[in-house]
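Listed below, chain by chain, are the residues.
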Amino acid sequence: LLPTAARAALVEAAHLAAERRLAAGTLAELSQRLAGDRFAITAREVLFPGLTEDDFNVISVSSGRVLLENPPAARHAEWHRAVYRLTGAGAVLLCQPLAAFKAAARPVTLNPDLAPDLAPVMAGLRWCEPDEAAIAAAVPFSSALLLTGCGLLVWGANFREAAGLAESIEFCLQAQAD
């Protein structure tokens with residue numbers, strides 16, 4: 001259900017997210033779209049620096065049925081599933097870079113003049129309650145979501161694109177805070 005190459009790529013991506021300080025403890029989650037209406041997602045309570053090839057669940061995009069479960073089940077699999085159902089994303093990352101985590105707690109008006117080249121990135125950022133229905137409603141009109149108490153949900157064609165988006169948003173939010 002989860003090819004060896006996909007497992008290795010997910011482990012590498014999780015370790016990279018930890019090195020880039022995008023993951024906070026066991027709050028972070030990473031998923032990747034697989035062939036055949038499926039996605040792999042990190043299991044719950046897993047620290048990214050110590051993640052192994054056995055720390056993933058495989059879930060159906062269309063039905064939400066768990067096809068491969070390595071307990072405990074992923075906490076926010078439905079959020080990832082919503083992104084895959086509503087976009088062509090190849091990877092989803094729920095992360096907690098510090099400025100984004102703080103900004104998620106209280107919506108603020110962003111100053112686009114701080115980083116004009118990143119204005120298109122920030123234009124796709126939305127604040128959202130960490131609720132499955134709210135997330136599903138916001139995803140088609142967004143490129144990233146700040147989720148109250150949870151952090152930043154980003155997606156892209158692959159992990160590098162999603163992580164790059166997270167880093168760009170973090171940069172803008174840090175500049176806004178200073």
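Above this text you will find the structure in question.
Caption draft 1: A look at the environment of alanine 74. Relative to the assigned elements, alanine 74 resides in the loop between β4 (66–68) and α2 (77–86). Separated by 44 residues in the primary sequence, alanine 74 and leucine 30 have C-alpha atoms spaced 9.8 Å apart. In this structure, alanine 74 is in contact with Glu29, Ile41, Thr42, Ala43, Arg44 and Asn57, ignoring residues within four places of it in sequence.

Caption draft 2: View of the pairing of strand β5 (residues 91–95). For β5, the buried fraction is high: five of the five residues fall into the buried class. On β5, burial covers both faces: Ala91, Leu93 and Cys95 on one face and Val92 and Leu94 on the other are all buried. Two strands pair when backbone bridges link them, and strand β1 (residues 29–34) and β5 are joined in this way by four bridges, in the antiparallel orientation. Bridge pairing links leucine 30 to leucine 93 in β5. Here β5 runs beside strand β8 (residues 151–156); their pairing, made up of five bridges, is antiparallel. Looking at β8, one finds that valine 92 is bridged to tryptophan 155.

Caption draft 3: Examining the pairing of β8 more closely. Within β8, six of the six residues are buried, which leaves it mostly tucked inside the rest of the structure. Bridging between strand β7 (residues 144–147) and β8 involves four bridges; their strand directions are antiparallel. Bridging from a neighbouring strand, alanine 144 pairs with valine 154 of β8. The antiparallel hairpin formed by β7 and β8 contains three residues in its connecting segment, where glycine 149 sits at a positive phi of about 75°.

Caption draft 4: Looking closely at helix α3 (residues 98–105). Taken together, the buried positions of α3 are occupied by Ala99, Ala100, Ala103 and Ala104. In a view along the axis of α3, the buried residues occupy a sector of 135°, so they form one face of it. Exposed and facing more than 90 degrees away from the buried side of α3 are Leu98 and Ala105. Among the structural elements, β6 (125–128), β7, β8 and α6 (159–177) are those in contact with the buried residues of α3.

Reading guide: rules and limits
- Residues numbered from 1 in each chain as written.
- Predicted model: local features only at pLDDT ≥ 70, side-chain atom pairs only at ≥ 80, totals over all residues.
- Heavy atoms only, no water.
- Helix = DSSP H or I, 4+ residues; strand = E, 2+ residues; numbered from the N terminus.
- Contact = heavy atoms within 4.5 Å.
- Buried < 20%, exposed > 50% of the residue type's maximum accessible area, 1.4 Å probe, protein only.
- Pairing = 2+ DSSP bridges.
- Arc of directions from axis to C-beta.

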